[in-house]
Amino acid sequence: MTDSENRNAADADAARSPDARLLFWLKVPYAADVVLLIIGVAFLLAENPIGWWVLVFAAVRAIVGTIALFWIYPRMRRRPKK
């Protein structure tokens, strides 16, 4: 690797602070919720009542994720670092 590539890699690592990584992993499950939504709708379109349970599960996951993202994460950021 050249010096400029090493500096770019170091800059990328510095941009990934623990807070940034935590925020990323709090947002990722929303993609899974979209997939569950699509699966639930597909079940309902196939006239399979299990689709309702899949949609309820996706809704609960989204609610818990939203609470974590907007209530727990800001509290963790304000906590004094050791």
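This one's a predicted model, so the numbers in the text were calculated from it and none came from an experiment.

Thresholds, definitions, all that
- Residues numbered from 1 in each chain as written.
- Predicted model: local features only at pLDDT ≥ 70, side-chain atom pairs only at ≥ 80, totals over all residues.
- Heavy atoms only, no water.
- pLDDT = per-residue confidence, 0-100.
- Helix = DSSP H or I, 4+ residues; strand = E, 2+ residues; numbered from the N terminus.
- Buried < 20%, exposed > 50% of the residue type's maximum accessible area, 1.4 Å probe, protein only.
- Axes fitted to C-alpha atoms, helices over the stretch in contact; angles between N-to-C directions.
- Parallel < 35°, antiparallel > 145°, perpendicular 65-115°, else oblique.
- Left-handed = near helix turned anticlockwise from the far one by under 90°.
- Contact = heavy atoms within 4.5 Å.
- Nonpolar A, V, L, I, M, F, W, Y, C, P; charged D, E, K, R; others polar.

A. Structural view of the confidence of the model for the protein. Per-residue pLDDT for the protein averages 82, and the proportion of residues at 70 or more is 79%. Ranking the helices and strands of the protein by mean pLDDT puts helix α3 (residues 29–45) first, with 93, and helix α1 (residues 3–15) last, with 57.

B. Unusual backbone geometry, seen in detail. For Glu47, which is not a glycine, the phi torsion comes out positive at approximately 60°. When you line up the elements, Glu47 lands in the loop between α3 and α4 (50–78). Overall, the relative accessible area of 73% leaves Glu47 in the exposed class.

C. Just the packing of α3 against α4, in detail. The interhelical angle for the contact between α3 and α4, taken along N-to-C directions, is 165°, at an axis separation of 8 Å. Our classification of the angle between α3 and α4 gives roughly antiparallel. For the pair α3 and α4, the crossing hand works out as left-handed. Contacts from Pro29, Tyr30, Ala32, Asp33, Leu36, Leu37, Ile39, Gly40, Val41, Phe43 and Leu44 in α3 reach Ile50, Gly51, Trp52, Val54, Leu55, Phe57, Ala58, Arg61, Ala62, Gly65, Thr66 and Leu69 in α4. The residue inventory of the contact of α3 with α4, partitioned by class, reads 17 nonpolar, four polar and two charged.

D. Highlighting the packing of helix α2 (residues 18–27) against α4. It is the contact of α2 with α4, at a shortest axis distance of 11 Å, that shows an interaxial angle of 165°. With respect to α4, the element α2 is oriented roughly antiparallel. The interaxial crossing formed by α2 with α4 has right-handed handedness. Contacts between α2 and α4 involve Asp19, Leu22, Leu23, Leu26 and Lys27 on the former and, on the latter, Ala68, Leu69, Tyr73, Met76 and Arg77. When grouped by side-chain class, the residues that make up the contact of α2 with α4 number seven nonpolar, no polar and three charged.

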